[in-house]
Number of protein chains: 2
Amino acid sequence: MITSPDNDRLKTIRKLARKSWRSKLGLFIAEGEDLVDAADAADWAAEFVLRAGEDVEPELLAGASSLGSGSRVIGVYAQRWAEPGGEPVSVYLHGVEDPGNVGTIIRSAHALAGARVVLGPGCADPWSPKAVRASMGSIFALPPARGDTPAGRVVAFDAAGGVSLADADLSPPLTLALGAERAGLPPGLADAAVRIPVAADSLNVAMAATVALHETANRMAADG
Amino acid sequence: MITSPDNDRLKTIRKLARKSWRSKLGLFIAEGEDLVDAADAADWAAEFVLRAGEDVEPELLAGASSLGSGSRVIGVYAQRWAEPGGEPVSVYLHGVEDPGNVGTIIRSAHALAGARVVLGPGCADPWSPKAVRASMGSIFALPPARGDTPAGRVVAFDAAGGVSLADADLSPPLTLALGAERAGLPPGLADAAVRIPVAADSLNVAMAATVALHETANRMAADG
């Protein structure tokens, strides 16, 4: 039973709240029973798991938590970037800085279309505690890839796009490309982009990705 | 120019970070130029607006911000609950405790289907700074209503539902009902619920609402 905050494992957990340490160590943390279960379900072996009351005093584990929610269990795992490509549907993100949005899109992509997320320049670290939490188990089931540009046939989504969603060719294999809310996609990618019909100004990028994925999955089901 | 943190307007802004004060005063805050512009666009008059460097010393305004993002402008507004009903499409939420999800769903409902959100028991306060921020302008354009039960023809969405989305009758007028991720909808509502086809465990409630709204809007467009 760990009874000191100076314990090496607790120190590692605290370090992993920071991106610089995550990159240096190649590790990340998953907080909470659901996420640790999801890692198990995906056969993703932990470096170590600490459980409050079993391995460590509950206050010490809560104090090491990044989410401030007094986690009862924290697992430490090795980062495993995937290679882009291979799935019928991929999602390419450009400049999506919010870790909650990155995690949510990893979750939606997995749930709606079994789609891999490829993170382009300027995206949040998907191994941050907030992104991992937002992804729920999906970061283990379908870990993200990195890429400087989207691969294969690309269908770009942009609020200023000239092609309506109804007219878009969403047949796989394809990569759905989305940019951050304000900045959008870079000019080359935004050309001939698809616009999701909306009454108000815009959707947030996670909602836009969800609509794009649902529509793609819908048409695959209709064609299949 | 306000130069003291004891100024009454700054005190009011700090109080409005708390739900008890928001309910007592019937007020809420909108932080940032985009939200204050959205209020103007919706003809929603402010009680007062403070701008850094014009009305108040920037450090004092940043110190009063709830979002910790050093807002340059904060507006204070009267809460205006809408009455449920009237729109072709409504969204009823039950037990959605996360203010970011409540705000995001208000935004998606407005953007995708011009739909009013009705907040049932156990939902987060939509006038909290996080919910207002997540809604972007939509909380001003289509403010939420409250209700103990969904009204009109209800189509419930639940991960354990027996009706597939493809078979659901989504013709308006209707209310799309969704519950929190874990607890779902209460038994009476969850009967004959619609299930969104997903590969993974579930979607978060904001994603599920977005899919339901997009599908509803799609079919309205196809029928119209």
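Calculation notes
Residues numbered from 1 in each chain as written. Chains lettered and ligands numbered in written order. Predicted model: local features only at pLDDT ≥ 70, side-chain atom pairs only at ≥ 80, totals over all residues. Helix = DSSP H or I, 4+ residues; strand = E, 2+ residues; numbered from the N terminus. Buried ≥ 20, exposed ≤ 12 C-beta atoms within 10 Å, placed from the backbone. Contact = placed C-beta atoms within 7 Å. Nonpolar A, V, L, I, M, F, W, Y, C, P; charged D, E, K, R; others polar. Pairing = 2+ DSSP bridges. Axes fitted to C-alpha atoms, helices over the stretch in contact; angles between N-to-C directions. Domains from an automatic or database assignment. Least-squares fit on C-alpha atoms with pLDDT ≥ 70 in both. pLDDT = per-residue confidence, 0-100. Parallel < 35°, antiparallel > 145°, perpendicular 65-115°, else oblique.

When its secondary structure is counted, chain A shows 9 helices and 10 strands. Structurally, chain A occupies a C-alpha span of about 60 × 35 × 30 Å along its principal axes. Across the 224 residues that make up chain A, the buried fraction comes to 47%. The long-range share in chain A, meaning contacts at least 24 apart out of those at least 6 apart in sequence, stands at 77%.

Moving on to the interface of chain A and chain B. Counting residues at the interface gives 21 residues for chain A and 21 residues for chain B. Taken together, the elements giving at least two residues each to the side of chain A that touches chain B come down to α5 (99–113), α7 (138–141) and α9 (205–223) of chain A. Top element by residues in the side of chain A that touches chain B is α5 of chain A. It accounts for 6 residues. Considering only residue class, the side of chain A that touches chain B consists of 9 nonpolar, 10 polar and 2 charged.

Moving on: the sheet that holds strand β3 (residues 73–78) of chain A. Residue and element names in this part refer to chain A. Taken together, the 3 strands give an open sheet; going across it, the order is β1-β3-β2, and neighbouring strands pair in antiparallel fashion. Strands at the two margins of the open sheet, each flanked by one partner only, are β1 (27–31) and β2 (46–51). Strand-to-strand, the axes of this sheet are offset by a mean angle of 15 degrees, without reference to chain direction. Bridge count between β2 and β3: 5 bridges; the pairing is antiparallel. By the bridge assignment, L50 is partnered in β3 with I74. Across the sheet, helix α3 (residues 33–41) lies against β1, β2 and β3, angled at about 35 degrees from β3, the strand it touches most.

Take the domain arrangement of chain A next. Residues and elements named next belong to chain A. Domain boundaries in chain A define domain 1 (8–78) and domain 2 (89–223). A C-alpha centroid distance of 28 Å is found between domain 1 and domain 2. In this complex, domain 1 contributes 16 residues to the contact, which on the side of domain 2 involves 10 residues. Listed by contribution, the elements that provide at least two residues to the side of domain 1 that touches domain 2 are α2 (19–25), β1 and α3. Looking at the side of domain 1 that touches domain 2, the element that brings in the most residues is α3, giving 5 residues. In terms of residue class, the side of domain 1 that touches domain 2 is made up of 11 nonpolar, 1 polar and 4 charged.

Our next topic: the relation of the copies chain A and chain B. Laying chain A over chain B is done by rotating through 180 degrees and shifting 0.0 Å along the axis; what remains is an RMSD of 0.0 Å. Look at the turn and shift together and you get a two-fold axis relating the two.

Moving on, we get to the confidence of the model for chain A. Residues and elements named next belong to chain A. Taken residue by residue, chain A gives an average pLDDT of 91. The fraction at 70 or more is 98%. The least confident element of chain A, judged by mean pLDDT, is helix α8 (residues 187–190) at 82; the most confident is β2 at 98. In the model output, the complex is listed with pTM 0.90 alongside ipTM 0.84.

A cis amide bond links P172 of chain A with the next residue in sequence, P173 of chain A, at an omega value of -5 degrees. Checked against the element boundaries, P173 of chain A lands in the loop between β8 (163–164) and β9 (174–179). Positive phi, normally seen in glycine, also occurs at D43 of chain B, with a value near 55 degrees. Within the secondary structure, D43 of chain B is located in the loop between α3 (33–41) and β2 (46–51).

The next thing to look at is the packing of helix α5 (residues 99–113) of chain B against helix α9 (residues 205–223) of chain B. All names here are of chain B. Where α5 meets α9, the axes come as close as 9 Å, and the angle between the chain directions of the two elements is 10 degrees. When the axis of α5 is compared with that of α9, the two are roughly parallel. Seen from α5, the contacting residues are N101, T104, I105, S108, A109, L112 and A113; seen from α9, they are V205, A206, A209, T210, L213, H214, T216 and A217. Residues of the contact of α5 with α9, tallied by class, amount to 9 nonpolar, 6 polar and no charged.

Let us look at the sheet that holds β2 of chain B. All names here are of chain B. Spatial ordering of the open sheet is given by β1-β3-β2, a layout of 3 strands whose pairing is antiparallel. The open sheet has two edge strands with one neighbour each: β1 (27–31) and β2. Within this sheet the neighbouring strands show an average axis-to-axis angle of 15 degrees, counted without direction. Relative to strand β3 (residues 73–78), β1 is paired through 5 bridges, and the arrangement is antiparallel. In the sheet register, A30 faces β3, and the bridge partner there is G75. Contacts from helix α1 (residues 8–15) reach β1, β2 and β3 within the one sheet, and its direction differs from that of β3 by about 75 degrees. Contacting β1, β2 and β3, α3 runs over the sheet at an angle of about 35 degrees to β3.

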